[in-house]
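Survey of secondary and tertiary structure
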Amino acid sequence: MAARLSPEGQFGLHLTVGLVLIVLAGIAFGEIAEDVVEGDTITVIDVQLAHWFRAHATEGFTRAMLFVTHWNGIVGTGVMTALLACWFAWRKAYYWLIVVLATVPGGMLLNVVLKHIFRRQRPSLDNPLLTLSTYSFPSGHTVAATLFYGVLACYLVRRNPQWPRRVLIVGAACAMVMLVALSRMYLGVHYLSDVMAASMEGALWLAVCVTAVSTLHRRRKVRGRPSWSERRDPI
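Residues numbered from 1 in each chain as written. Predicted model: local features only at pLDDT ≥ 70, side-chain atom pairs only at ≥ 80, totals over all residues. Heavy atoms only, no water.

Examining the packing of helix 5 (residues 74–90) against helix 6 (residues 94–118)
- Across the interface, helix 5 lies against helix 6 with an axial gap of 9 Å and an inter-helix angle of 165°. Considered as vectors, helix 5 and helix 6 are oriented roughly antiparallel to each other. Like other packed secondary-structure pairs, helix 5 and helix 6 cross with a definite hand, here left-handed. For the pair helix 5 and helix 6, the contacting residues are I74, T77, T81, L84, A85, F88 and A89 in the first and W96, L97, V100, L101, V104 and M108 in the second.
- Considered class by class, the residues forming the contact of helix 5 with helix 6 number eleven nonpolar, two polar and no charged. (Axes fitted to C-alpha atoms, helices over the stretch in contact; angles between N-to-C directions. Helix = DSSP H or I, 4+ residues; strand = E, 2+ residues; numbered from the N terminus. Parallel < 35°, antiparallel > 145°, perpendicular 65-115°, else oblique. Left-handed = near helix turned anticlockwise from the far one by under 90°. Contact = heavy atoms within 4.5 Å. Nonpolar A, V, L, I, M, F, W, Y, C, P; charged D, E, K, R; others polar.)

Structure (structure tokens):
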């Protein structure tokens, strides 16, 4: 037990926390997916909320939500991920370079697979603000936001040991994910359950990647191999 809770070692606290997060996120995703497949109460709330957003749409807020959703789309997320990867490569932060390359593209590919497994149709609304023909569950934009801002938050938290700053960083990352999720619901291309499941899917895959790469990194250090961390700011 002491070894599992120790911050040191290749199978210490980081692995314990990672596995706990993976299990919790997996359970949450499974519960939401089960409710959607069985048509439980959440699907009724989905439809009611979708129609409420459409009925209360305004021109100014629509423009803002379109900006948010396009900025965090496949192209936008791809550009931000590439820039972050280039930053890690320049800093010789190979640990984080591996994390971001495994997390964001891998998680988005996983989302495509899940969409074709569940094959849920998008909301059907009168005069929709945005129309898409692909499947709805889980939300790809929300997954991408969870993965990208999650990796960025993990990196910044590691570089800032002060807890007030860490809380602010995590809060900002969560706010960005919720903003992207709101944009998808407001524009009528996703249900509430779509974005909820997507955030859990993203959290699960983020925990898998960070835990796996961290464990491999620690094993390298134990075996006396070069660190993957930044030269100037070691992890």
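A look at the side chain of R184
- Structurally, R184 can be placed in helix 8 (residues 163–186).
- Summary of buried charges: R184 has no salt-bridge partner, and the nearest side chain of opposite charge, D194, is 8.9 Å away.
- Among the polar contacts listed, one links the side chain of R184 to the side chain of T69, at a separation of 2.6 Å. (Buried < 20%, exposed > 50% of the residue type's maximum accessible area, 1.4 Å probe, protein only. Lys, Arg positive; Asp, Glu negative; His and termini not counted. Salt bridge = Lys/Arg side-chain N within 4 Å of Asp/Glu carboxyl O. Polar contact = N/O pair within 3.5 Å; in protein donor to acceptor, adjacent residues only side chain to side chain.)

A short note on the environment of S183
- Here S183 lies in helix 8.
- Note: C-alpha distance between S183 and T142 (41 residues apart in sequence) is 9.5 Å.
- Look past the residues within four positions of S183 in its chain and what remains in contact with it is M65, V68 and T69.
- Engagement of the side chain of S183 in a polar contact is seen with the backbone oxygen of V180, the distance being 2.6 Å.

Side note on the pattern of salt bridges
- Applying the stated criterion across every chain yields a total of three salt bridges.
- Here R120 makes a salt bridge to D46, at a shortest N to O gap of 3.0 Å. Taken together, the positions of R120 in the loop between helix 6 and helix 7 (140–159) and D46 in helix 3 (residues 41–55) put the pair 74 residues apart, joining distant regions of the chain.
- Across the pair E59 and R63 runs a salt bridge whose closest N-O atoms are separated by 3.1 Å. Of the two residues, E59 and R63 both sit in helix 4 (residues 59–71), four residues apart, roughly one turn of that helix.

Thoughts on helix 5
- Taking 1.5 Å per residue as the helical rise, helix 5 with its 17 residues ought to reach 24 Å, and the 24 Å between its terminal C-alpha atoms agrees with that figure.
- Burial in helix 5 covers these residues: G76, T77, M80, T81, L84, A85 and F88. Looking straight down helix 5, one finds that the buried residues subtend no more than 165° of arc, so they occupy a single side. In helix 5, the exposed residues that point more than 90 degrees away from the buried face are V75, L83, C86 and W90.
- Backbone geometry just downstream of helix 5 places K92 in the positive-phi region, at approximately 55°. (Expected span 1.5 Å × (residues − 1). Arc of directions from axis to C-beta.)

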